[in-house]
Amino acid sequence: PNKATATEPACPVSPLGNLPIPPPSHYKPNSDGNTVVLGIEGSANKCGVGILCYNPKDETYQTLSNPRKTYVSPKGCGFLPKETAWHHQAHVVALVRAALDEAYPGEPSPERYLSGIAFTLGPGMGGPLKSCAMA
């Protein structure tokens, strides 16, 4: 069995004053009435996909999954944009699948629960950012 990547319970919205809730015209709640967003991050040597659920009934956010892969450069070298972009290209689709499988285990079409998709625009290295944005 795969190790869970999201183990924290739901957290209330109120202490997170920096996370305004967009108006419903910007997204479509799923059939459960929740807003679920798949986010892709790849601004540096780590590529990650997280699925976050907002429950308006109890005003909580919960991370449903958050798998990641890290590009490790050869010893004595820093990570370079081109090689890091190749790494992200090689792993981002599998990470999206893993995130959906963890968030909705056994669900044949977990994408139907998504309200939106987000990705990092920057700052960061252009190649890795583009690799994740294109996914």
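Residues numbered from 1 in each chain as written. Predicted model: local features only at pLDDT ≥ 70, side-chain atom pairs only at ≥ 80, totals over all residues. Heavy atoms only, no water.

S.K.: Would you explain the environment of Leu95 in this entry?
M.R.: Its place among the elements puts Leu95 in helix 1 (residues 81–103). For Leu95, a relative accessible area of 6% puts it in the buried group. For the pair formed by Leu95 and Glu111, sequence separation is 16 residues and the distance between their alpha carbons is 14 Å. Non-local contacts of Leu95, meaning those with residues more than four positions away in its chain, are made with Cys47, Gly48, Val49, Pro67, Arg68 and Lys69. (Helix = DSSP H or I, 4+ residues; strand = E, 2+ residues; numbered from the N terminus. Buried < 20%, exposed > 50% of the residue type's maximum accessible area, 1.4 Å probe, protein only. Contact = heavy atoms within 4.5 Å.)

S.K.: For this particular structure, what's the right way to read the packing of aromatic side chains?
M.R.: Both the distance between ring centres and the angle between the ring planes are used here to describe each pair of aromatic rings. Within this structure, the stated rule accounts for 2 aromatic pairs. Ring geometry for Tyr54 versus Tyr61: centroids 5.1 Å apart, planes at 45°, classification tilted. Judged by relative accessible area, Tyr54 falls into the buried class, the value being 9%. We classify Tyr61 as buried; its relative accessible area is 12%. Measuring from ring centre to ring centre gives 4.4 Å for Tyr104 and Tyr113, while their planes differ by 10°; the resulting arrangement is stacked. For the pair Tyr104 and Tyr113, one class covers both residues: buried. (Phe/Tyr/Trp six-rings, centres within 6.5 Å; stacked < 30°, edge-to-face > 60°.)

S.K.: Whenever I open this one, the packing of helix 1 against helix 2 (residues 126–134) confuses me. Can you help?
M.R.: Two measures define how a pair of helices packs: the angle their axes make with one another and the distance between the axes. For the pair helix 1 and helix 2, the least separation of the axes is 7 Å and the interaxial angle reads 15°. The angle between the axes of helix 1 and helix 2 places the two elements in the roughly parallel class. In the packing of helix 1 onto helix 2, the handedness of the crossing is right-handed. Only Gly127, Pro128, Ser131 and Cys132 of helix 2 make contact with helix 1, whose side of the interface consists of Pro81, Thr84, Ala85, His88, Gln89 and Val92. Across the contact of helix 1 with helix 2, the residue classes tally to 5 nonpolar, 5 polar and no charged. (Axes fitted to C-alpha atoms, helices over the stretch in contact; angles between N-to-C directions. Parallel < 35°, antiparallel > 145°, perpendicular 65-115°, else oblique. Left-handed = near helix turned anticlockwise from the far one by under 90°. Nonpolar A, V, L, I, M, F, W, Y, C, P; charged D, E, K, R; others polar.)

S.K.: It is not clear to me how the state of the cysteines should be interpreted in this structure. Could you clarify?
M.R.: In protein structure, a disulfide is the covalent linkage between the sulfur atoms of two cysteines. Under the criterion given, the structure shown has 0 disulfides. Looking at Cys11, it has no disulfide partner, and the nearest cysteine sulfur is the one in Cys53, 11 Å off. Its relative accessible area of 31% is what places Cys11 among the partly exposed residues. Under the relative-accessibility criterion, Cys53 is labelled buried at 12%. (Disulfide = S-S within 2.5 Å.)

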